Amino acid sequence: EPEVTQTPSHQVTQMGQEVILRCVPISNHLYFYWYRQILGQKVEFLVSFYNNEISEKSEIFDDQFSVERPDGSNFTLKIRSTKLEDSAMYFCASGKSSYNEQFFGPGTRLTVL
Amino acid sequence: SQKIEQNSEALNIQEGKTATLTCNYTNYSPAYLQWYRQDPGRGPVFLLLIRENEKEKRKERLKVTFDTTLKQSLFHITASQPADSATYLCALPAGNTGKLIFGQGTTLQVKP
C-alpha cells in the first residue's frame, strides 16, 4: 500500500540554523500539506500546496518558512532560522483532492537547542 | 472563530465494550468531517470521512454519525480491543484548500 514517507525521523539543530524537512507524498496525489504538533498539543495546519504553489498558509507560516516541490516526487519544508519554539513534530500529508482524506507521514521530530 | 471540542479526559473501557467518542464544533458549517487515529510519536492515520448529507458511516467495527443540527459527530468502536487503545482525532475542513483543523483528541484505553 502506498504511503507518505518523511526524512529525517529526528533532527536536532542549534537555534538560528536552517533546516530542511523532506517528504515523499503518495505518487498520484495532487494536494500536499505540512502540519506540526508541539508536544501535548493539537495538530496544527501550516500550509497547503497545489499546482506548484501555496494555496493557503497559517499565521505560523511566516517568512522563515518556505515549501518547495523541486521535482516530481519530493516536497520540502524549509525553516530558515530556527527558534526554540519551532521544536515540534512536523507531519507531511497528501491527498487526491482537497475534499478527501489526507494521508500523513510518520513525522520528523525537530528539536531546536 | 471556529472551534472543535473533544473530551480531553481519557476514556477507559473494558475489552469487548463499545467506545463512544464525541466531537462538537461551533461557528462552523463543514461539508464533511474526518476521524483519525494517532499513536504516540506517530502521524495521524485516516479512519473515516462523513459528509454533511450522510447521517451515518460504517467501516468494520467503526461507526460515525454526523448531526449538523447539533453540530456534533459521534465515533463508535464496537467490540473494542486493547489494540484500539490510541488517541482519536476529529478534523474539519476550513475553506476549500484542504486545510484541516483538528480537535485536541480523546485518548482511549481498552483494558483486557
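The structure this text deals with has already been given above.
Residues numbered from 1 in each chain as written. Chains lettered and ligands numbered in written order. Predicted model: local features only at pLDDT ≥ 70, side-chain atom pairs only at ≥ 80, totals over all residues. Heavy atoms only, no water.

Engineer: Mind laying out the packing of aromatic side chains, listing which residues take part and the relevant values?
Structural biologist: Within this structure, the stated rule accounts for 17 aromatic pairs over all chains. With 6.0 Å between their ring centres and 85° between their planes, B:Y25 and B:Y28 make a pair best called edge-to-face. Judged by its relative accessible area of 3%, B:Y25 falls in the buried class. A residue is classified by how much of its surface remains accessible, and B:Y28, at 5% relative accessible area, is buried. On the numbers, 5.7 Å between centres and 75° between planes, the contact of B:Y36 with B:F46 is edge-to-face. Of this pair, B:Y36 sits in strand β4 (residues 32-38) while B:F46 sits in strand β5 (residues 45-51), placing them 10 residues apart in sequence. Comparing B:Y36 with B:F46, the two get one shared label, buried. Among the aromatic residues, ring-to-ring pairing joins A:Y33, A:Y35, A:F45, A:F104, B:Y36, B:F46 and B:F102 into one connected group. The positively charged end of B:R51 is found above the aromatic ring belonging to B:Y32, 5.6 Å away from the centroid. (Phe/Tyr/Trp six-rings, centres within 6.5 Å; stacked < 30°, edge-to-face > 60°. Buried < 20%, exposed > 50% of the residue type's maximum accessible area, 1.4 Å probe, protein only. Helix = DSSP H or I, 4+ residues; strand = E, 2+ residues; numbered from the N terminus. Lys NZ or Arg CZ within 6 Å of the ring centre and 35° of its normal.)

Engineer: Run through the sheet that holds strand β7 (residues 65-68) of chain A, naming residues and quoting values.
Structural biologist: Residues and elements named next belong to chain A. Strands sit in the order β1-β3-β8-β7 across an open sheet of 4 strands; the sheet is antiparallel. Either end of the sheet is taken by a strand with one partner, and the two such strands are β1 (5-7) and β7. Each neighbouring strand pair of the sheet contributes to a mean axis angle of 20°, computed without reference to strand direction. Summarising the sheet, β7 and strand β8 (residues 75-79) pair through 4 bridges and their orientation is antiparallel. (Pairing = 2+ DSSP bridges. Axes fitted to C-alpha atoms, helices over the stretch in contact; angles between N-to-C directions.)

Function cannot be read off these values alone, since they describe shape.
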